[in-house]
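# Topology and contacts: notes
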Amino acid sequence: MLYGALLGLSLISCTKDFDQINTDPNNITVITQRELPFMFAKAQSSAAMNRSFYQTVQNLGADLYAQYFALTTNSFSTDRYLLTPDWQRRFWTVVYVDTAPQLKSIMDNTEVGSGEGALANIMWVYAFHRLTDHFGPIPYFAAAEARDVIPYDPMDKIYSDFFTRLTIAVDQLKALPAGTTVFQDYDLMYNGNVENWIRFANSMRLRLALRISKIDPIKARAEAEAAVAAGVMESNGQNATMLKSLSGNDTNGLSQVAVWNEFSMSSTIASYLKGYEDPRLGIYFQPSLTGKAFNSVRNGATATDLGQPRNQSRANSNVGTYWVRYNGEVLEGNFTQNFHIMCAAESFMLRAEGALNGWNMDGTARTLYEQGIRLSMAQWGVNDESIINNYVSSTHKPKAPGDYHNSVAVAQTPVKWGSIEAEQREQIGVQKWLAIYPNGMEAWAEYRRTGYPKMYTVLKSDNPDLPGGTFIKRLPYPLTEVTDNLAELTKGRALLGGADNAATKLWWDVD
Amino acid sequence: MIARIDSKRLFFLGLLSCFLFFYIGRVQAQQVARTGKVTSATDQKPLAGVTVLNLSTQLAGHTDQDGNFSIKAAAGDRLKFSLIGYKSAELPVTTATALTVSLTQENFTIDEVVVTALGIKRETRGLTYATQQISSSAVNDARDNSGNIMSSLTGKVAGAVITTASSGPGASARVVLRGNKSISGNNNALIVVDGVPYDNSSAQQATGTTYNYGTSDGAANINPDDVESINVLKGPSAAALYGSRAANGAILITTKQGKTGRYTIDYNGSAFFDQVNLLTQFQNTYGRGNGGVSGSNIGESWGPQAQTYKNNVKDFYENSATFNNSISTYGGTEKLQGYVSYANNKIGGIIPGNALKRNSLNLRVNTAFIPKLKTDVKLNYVNQKIDNRPRLGDMGIPVEAYIIPRDMDKNELLDYETIDPNTGQPLRKYWSGSAIYDNPYWSTNRTSVNEVRDRITALGSATYQLTDWLSIMGRYSFDKYLDNTDGSFFASTVSVGDVRKGGKYYEINARYQESNLDFLVNGKNPLTERLAITYNLGASALRRKYSSFQNMANGLSIPNEFSLKMATTPEFLAIAGYERRLNSIYASAQFAFDNTIFLDMTARNDWTSTLKAPHSYFYPSIGLSAIVNELLHMPSWVTFGKIRASYTQVGNDADPYLLRQLYSFGLGAGNGFISRSPIKAIPDLKPELTKSFEAGLDMKFFENRLGFDLTLYKSNTVNQLLFLGLPMASGYSRQYINAGDIENGGFELQLTATPIKRERFSWETSLNLSANTNKIIALHDKTKRANITDNNRYATVVVNEGEKYGDLYGYAWKRDQQSGKFMVDDNGLPLVEANQKLGNFNPKALLGWSNSFSYRRFTLNTLVDARIGGEIVSGTSAYLAAFGVADYTTMYREGGLILDAVDLNGAANTKAISAQQLWTSVSQNGRDGWGEFFTYDMTNVRLRELSIAYRFDLKKMAAFKNAQLSLTGRNLFFFYRGKSKLDIPGIGKTNNPIDPEAALGAGNYQGVEVGLPPAVRTFGVNLKLTF
């Protein structure tokens, strides 16, 4: 027995296996080339937001501020501009925690000039431009570095870096041997097709160039012309869409929230689509469950208004059958439909606007505008030439959407190319907004920059910073920055140049 | 391979070991002059190891294996015979040559002897630290309806803050002794059953950000009927022997075992009845609608005046019944003793369908067949089912019930589904367009989460008496349980988020295993006539292993056929597991001088797999106590007096897998994803260290009629494993660091008195009073604040440098800096400021007062307990306000409330608002309510227990050895209950809608609740029979 005790003692101080025991069998601790494609896919899915984040970050935010949708429930108050602070944090989680570290791992673990590094940089710009366009100055140049303090950077420097990254990435991709694919089956957007990635990167460069066209017209022109020269998206086959899956919460976010049916077509988009007799009306939206009509709700309805039968979700139009179907009893989501990232029609509209600015966009404003409309129709399966021709030459104007509030028509612009530049700019704005549906993030950013399309003011603002008649301009910084990065946040707020609230305009938002 | 220990520790350990062994060889018996024999009064067997002390000469000796002793003594000298577990005896030496002494066995629960660490019985007089002995009736008589033995201790242990999760039968309980010490780690006391730590972990705690199903814990598996006694070690003094897990104190449970010569059958049966005790006050004037206008599909009760239904929420909850039946039989011979028990508990919950069913079987055999070898084998099996675990929190079932419109009658409520003509299956029906809430009747009938646990604990130990002063014990124990949880959700359910076509079904399989191999050498020797030493030298190897995974079928091919085989997209989720090992050696020595002054020293070295090489850390303790009434001259009415002091260090390892950065694989589009963990690894992780000092005074007067036991303590926990926020832009949401210094200090006072002690009537009373103060001396040079969890709904629970553990921060009503008045916006509605201190969840003081009155065969027991101070932020309250159902929302329905406040320019507010404007604004739809408006004082005083027992006259009932019938009640009423902290001008203070001690879970996230069910009151009858 004493021997047993001694044996026990010697066993007890044995720690030979301890390091191995303390290695998690269900996780990976060393990143090699083998893991990078999986990390790229994670970054892609996260940047575009899976269903967990889509609702609170995009659907209950930018999608409402772009007035594609309006809330039919009183459970959320963001449609009345009363923000839910925790949701700001979620957008930061999406970009900084779920996207950036994976991209940085790829950049750090691939050779300079590699296709993998190039794709990572393109996704980086995609993720960060959406974030900075929501908040303004953000921590950028030191993002994804394991530091206790991360400084904020001004938007002009961030935008400048976007252009640099996209330019270099495109050059690197162009230098790859013909037929090279990058990340292949792991790439959820283009299956590794380098040509498509080049066009996506250039299109984004064009988008960002237009964004700064008021604040920095010289750089804007240079970047836009270079982007077009290097090849932007020209056909729907080059559109960026993202593969989705039933597994791992990776469903199409819009399909998911559409099942919950807490929002409907906004009266703003109803006024345009109905007035134009737009063939996309029945594709973007579907008839109401009760009454079977294309009905809409105004943004910012009060609780009392939302209690009216006419404003109930079942009495109004949900998004189209691409995302959700009604089987007569319940809504069933098409959860694995590809998620739309960017389309060729947007490039044409951007070029049309550039052409109006006098830039070399390889076409006239009018032809680019009309080509954009045609591409958008084709993208959504509208292929009847006569219908499209009629639409392009239509003089129909937006009309009263026929909502509970008896709203009058939201604007007076027809589809048919106008004769004066101001109208042409508005038309491009309206048709781009219609073409990029349901990308509320881009639509809200462009609305803030251009003021187009014209929108209804929200019926009621519960946000004292945004009095009646005004529109929301940005989102305040998340509270976690107060607790975890206060000193830098304070400097970041100074860079913002206004109060850290929803009324302060961003750098590129100038009149 | 022997791990490297640094030289200082080696030196200390070596010194202690040498010290112990140096003397062992030197022990010699005294020359005989007088001889005699000591036997047991019960069975006349010889008693070995009895200390024989000549009080005149102070020479001492011991009896041998046959009970014989010899000691030098002159006629007329007085000899004192003492042995642990027996009453001491004193005899004068007469001229007779051989003395015969018989000692009477002491009942174990008498406070002279307690079971301390590793099952070692020690006299309390020698202990250098505070313990509190609790009798088994404390957990047996008036049982808490959670069925958790820890909950039944509420108010009975001085200084224990016991918080029971409000998740119904099987709920977990948080037991914090002497304050919270760890920010990210465990603060619960260790539970030890028969000398072996008993796993008390619970699944991850609810934080209220979304719905959750509460958690059960290990203590909920203990059958109260098997408990013989409970001893609470409040400080970390036991840690030297139990290791780090005892840093928060330990609750030592001794279970029953067979005894020689007594064959007994015990029956204990009880029936309890629970009813809703405290349901918030609703308004009963207004019905569905908004702005005083009725509307269709509206969930809120902001409509016009209507016919309301006062009890529509109350009627949703059931009066539930609980039945406990247990039978045990035990007895034995000198060589073989056995104990067998079976218990069946069925505890009903107030939420329909919710119940716990527990069967436990306990078998224990002690043998002494081979001379000097004793064995102890125990086998315990528990099968515990919890049916329809209630969904709590935001979107939980209680929230669904609280927000029932006031004008909705039961018939309308029961109309919770329609039949889908396509499938013939039920479809959810709800009164509003909400995609967040279901009808609570749909939730209880069409969703269910059930849990089954099978747990086996086994223990085998053998003790060999090498010599009369040295024994060696070897022990192996294991504790293993399998948890199976299944969840079924009918198609169209919305309240649990994503339920896909056909419905959702899942199974979670979790498996936990812990084994412990121990060797322990026990010895005791008189070093000189006046100095004796008791010592232990031990080693142990602890292994813990956990694994779990979830099989998910979200989307069922045949609607509402709840089987994994029906999955349209089968998926494994949440695959997790760990293994960890801890090897230890430890030593302790107690020197007893004249059996009146005691010096205790312990030392322990641990090697853990969760820290980096060399994996090792060391911690010592030292304690001193003295029996003052024997040392000093004291008045005769002082029966007993002891002072004690001790200093202890306890090291603590961390969770597994923190050292290396983790990257995890997850399913998703394409081939799946790999992502870096949002938690930054800590490669240079150090063990936490708690340094604790305590001093105490234990006095008894007037032949034990009056007594007190006072303990003062202070502890500092340094090198905390903190879970700190990093700027999110770093790519990490949180990081682990070692930093900080948390100080706890306070006192525990137990007063006991027997004011009346007559033949027919007696009155015993005892009072527990304790207070703990906490201070965060330091956190980290880079951050002065750590969040206890990420959740920031209603309030964030934080630790701020310079302040106290558990501060609650959230939105507060903005005050004008000059006038101090509340501020309003242009609409006359409150303006708020984020990140303001709202309170702290810890009570300032606890008080428990129990009384026992005996008259003839009747005994009346009462327990009143008070919790003083502390705040809770109630999300439930925000919901009640948001939906216009709380009683106070009747004021200013028509408008006209001008808040006594100033606007942004400092001018007096003139804007009138309505109740709906005010409450919907501050409650933020109920889901994100502004904390200060819903913060309540947790102070409460309640009648916790009341029981009347009658002992039958056994002369008339010869078949019984004991028979008792009692009527009990628990949580009967409040003497006082704190109100809201905020006094809203024009409205006043409001009542807390929930039990102030209600909790979402038993983890460190306290002080914030949402969606808890109402508290219950319990009545019952209990019958105890002994054959």
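Scroll up a little and you will see the structure.
Analysis parameters
- Residues numbered from 1 in each chain as written.
- Chains lettered and ligands numbered in written order.
- Predicted model: local features only at pLDDT ≥ 70, side-chain atom pairs only at ≥ 80, totals over all residues.
- Heavy atoms only, no water.
- Helix = DSSP H or I, 4+ residues; strand = E, 2+ residues; numbered from the N terminus.
- Rg over C-alpha atoms; globule rule 2.2 N^0.38 Å.
- Buried < 20%, exposed > 50% of the residue type's maximum accessible area, 1.4 Å probe, protein only.
- Contact = heavy atoms within 4.5 Å.
- Areas by Shrake-Rupley, 256 points an atom, 1.4 Å probe, with all protein chains shown as cover.
- Lys, Arg positive; Asp, Glu negative; His and termini not counted.
- Charge placed at Lys NZ, Arg CZ, Asp CG, Glu CD.
- Phe/Tyr/Trp six-rings, centres within 6.5 Å; stacked < 30°, edge-to-face > 60°.
- Salt bridge = Lys/Arg side-chain N within 4 Å of Asp/Glu carboxyl O.
- Core = buried A, V, L, I, M, F, W, Y, C linked by side-chain atoms within 4.5 Å.
- Pairing = 2+ DSSP bridges.
- Axes fitted to C-alpha atoms, helices over the stretch in contact; angles between N-to-C directions.
- Parallel < 35°, antiparallel > 145°, perpendicular 65-115°, else oblique.
- Nonpolar A, V, L, I, M, F, W, Y, C, P; charged D, E, K, R; others polar.

### What to know about the overall build of chain B
A count of helical and extended segments in chain B gives 9 helices and 52 strands. Taken over C-alpha atoms, the radius of gyration comes to 31 Å for chain B, in line with the 31 Å a tight globule of 1027 residues would show. Principal-axis analysis of the C-alpha atoms gives chain B an extent of 105 × 70 × 65 Å. The buried share of chain B, taken over its 1027 residues, is 61%. Counted over contacts in chain B with a minimum sequence separation of 6, partners at least 24 positions apart contribute 68%. Summing over all exposed atoms, chain B offers an accessible surface of approximately 38,400 Å²; the carbon and sulfur share of this is 55%. With 105 positive and 90 negative side-chain charges, chain B shows a separation of 4 Å between the mean positions of the two kinds.

### Notes on the overall build of chain A
What chain A contains, in helices and strands, is 20 helices and 8 strands. Rg of the C-alpha trace for chain A: 25 Å, near the compact-globule value of 24 Å for 511 residues, within the 12% margin. Buried positions account for 64% of the 511 residues belonging to chain A. Expressed as a percentage of contacts within chain A between residues at least 6 apart in sequence, the contacts between residues at least 24 apart total 75%. Carbon and sulfur atoms make up 52% of the accessible area of chain A, which amounts to about 16,700 Å² in all. Taking the average place of the 45 positive charges on the side chains of chain A and the average place of its 52 negative ones, the gap between the two points comes to 5 Å.

### Brief notes about the packing of aromatic side chains
Residue and element names in this part refer to chain A. Evaluation of the coordinates by the stated rule reveals 77 aromatic pairs over all chains. With a centroid separation of 5.9 Å and an interplanar angle of 80°, the aromatic rings of Trp323 and Tyr437 are classed as edge-to-face. Taken together, the residues Trp323 in the loop between helix H13 (303–306) and strand E6 (324–326) and Tyr437 in the loop between helix H17 (421–435) and helix H18 (440–450) connect sequence positions 114 residues apart. In terms of burial, Trp323 and Tyr437 fall into one category: buried.

### Re the pattern of salt bridges
Working definition: two side chains of opposite charge can pair if their charged atoms are close together. Residues and elements named next belong to chain B. By the definition in use, this model includes 75 salt bridges over all chains. Across the salt bridge formed by Glu451 and Arg389, the nearest N and O atoms sit 2.8 Å from each other. With Glu451 in strand E24 (residues 447–467) and Arg389 in the loop between strand E21 (373–387) and helix H4 (397–402), this pair connects stretches of sequence that are 62 residues apart. One exposure class covers both Glu451 and Arg389, and it is buried. Measuring nitrogen to oxygen at the nearest pair gives 3.4 Å for the salt bridge that ties Arg500 to Asp498.

### Regarding the environment of Thr568(B)
Residues and elements named next belong to chain B. Along the chain, Thr568 turns up in the loop between strand E27 (531–554) and strand E28 (570–593). Exposure remark for Thr568: the relative accessible area of 46% places this residue in the partly exposed category. Distance from Thr568 to Gly988, taken between C-alpha atoms, is 55 Å for residues 420 residues apart in sequence. Sequence-distant contacts of Thr568, that is, excluding residues within four places in its chain, are made with Asn554, Gly555, Leu556 and Ser557.

### Thoughts on unusual backbone geometry
Here the amide bond leading from Tyr437(A) into Pro438(A) is cis, since omega sits at 0°, within 30 degrees of zero. Mapped onto the elements, Pro438(A) comes out in the loop between H17 and H18. With an omega of 10°, the peptide bond between Ala613(B) and Pro614(B) qualifies as cis. When you line up the elements, Pro614(B) lands in the loop between strand E29 (597–608) and strand E30 (616–627). One non-glycine residue, Tyr81(A), lies in positive phi territory at about 65°.

### Some details on the nonpolar core
With 251 residues, the main nonpolar core has Trp92(A), Phe128(A), Trp197(A), Phe200(A), Ile341(A) and Trp919(B) as its most contacted residues. Among the elements that take part in this core, helix H6 (residues 115–135) of chain A stands out by supplying 12 residues, more than any other. One finds Tyr129(B), Ala239(B), Ala250(B) and Leu611(B) within the second-largest nonpolar core, a separate group that totals 26 residues.

### Some remarks on the sheet that holds strand E43 (residues 832–840) of chain B
Residues and elements named next belong to chain B. With respect to topology, 4 strands assemble into an open sheet ordered E39-E40-E41-E43, the strand pairing being antiparallel. The two strands at the open ends of the sheet, each matched to only one other strand, are strand E39 (785–787) and E43. The sheet shows a mean angle of 40° between the axes of neighbouring strands, taken without regard to direction. Alignment of strand E41 (residues 805–813) against E43, held across 6 bridges, turns out to be antiparallel. If you follow Tyr809 over to E43, its bridge partner there is Lys837.

### Re the packing of helix H8 (residues 194–211) of chain A against H18(A)
All names here are of chain A. For the pair H8 and H18, interaxial distance at closest approach is 10 Å and the crossing angle is 30°. Our classification of the angle between H8 and H18 gives roughly parallel. Every residue of H18 that contacts H8 at Arg207, Leu210 and Arg211 is listed here: Glu442, Ala445, Glu446 and Arg449. Split by residue class, the contact of H8 with H18 holds 2 nonpolar, no polar and 5 charged.

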